[in-house]
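As a plain string of letters, each chain reads:
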Amino acid sequence: MFARKIRVDYIESEGAAPVPAPIHWLDNFAMRSFTNDPVFDDTLPVADGLLEIGTRVPLDLLAERLSDWCRRKGYLAPGATLQIREL
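Criteria and cut-off values
- Residues numbered from 1 in each chain as written.
- Predicted model: local features only at pLDDT ≥ 70, side-chain atom pairs only at ≥ 80, totals over all residues.
- Heavy atoms only, no water.
- Salt bridge = Lys/Arg side-chain N within 4 Å of Asp/Glu carboxyl O.
- Helix = DSSP H or I, 4+ residues; strand = E, 2+ residues; numbered from the N terminus.
- Buried < 20%, exposed > 50% of the residue type's maximum accessible area, 1.4 Å probe, protein only.
- Expected span 1.5 Å × (residues − 1).
- Arc of directions from axis to C-beta.

**Points about the pattern of salt bridges**
Evaluated as defined, the whole model comprises six salt bridges. Arginine 4 serves as the salt-bridge partner of glutamate 86, at 3.1 Å between the closest nitrogen and oxygen. Highlighted residues: glutamate 86 in strand E5 (residues 81–86) and arginine 4 in strand E1 (residues 4–11), separated in sequence by 82 residues. Assessed through its relative accessible area of 15%, arginine 4 is described here as buried. Residue arginine 7 pairs with aspartate 9 through a salt bridge whose shortest N-O separation is 2.9 Å. Under the relative-accessibility criterion, aspartate 9 is labelled buried at 4%.

Next up, the structure:
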């Protein structure tokens, strides 16, 4: 089910070194009560900056929704970004 490994890094500002996104960000996002989207049921946070996801989770949609969610929760400051890539 969780066949894909995903790296999620937080970049505070342009030129800053990426750091792993805290697991509590990933864990809160992965809870259905926060996303309200069944496609994200196939996400499993395993460590800071690491998610395992199922094959039906579109990476571009995950990046869009996770970034938006982190911004709304106040985790991402203006100018900060998330870098999401498959390992």
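**What about helix H3 (residues 59–72)?**
For H3, which comprises 14 residues, the first-to-last C-alpha distance of 20 Å matches the rise-based estimate of 20 Å (1.5 Å per residue) to within 8%. Residues of H3 that are buried: Leu62, Leu66, Ser67, Trp69 and Cys70. Down the axis of H3, the sector holding all buried residues measures 165°, keeping them to one side. Facing away from the buried surface of H3 by more than 90 degrees, the exposed residues are Asp60, Glu64 and Arg72. One or two residues past the end of H3 sits glycine 74, with phi positive at roughly 85°.

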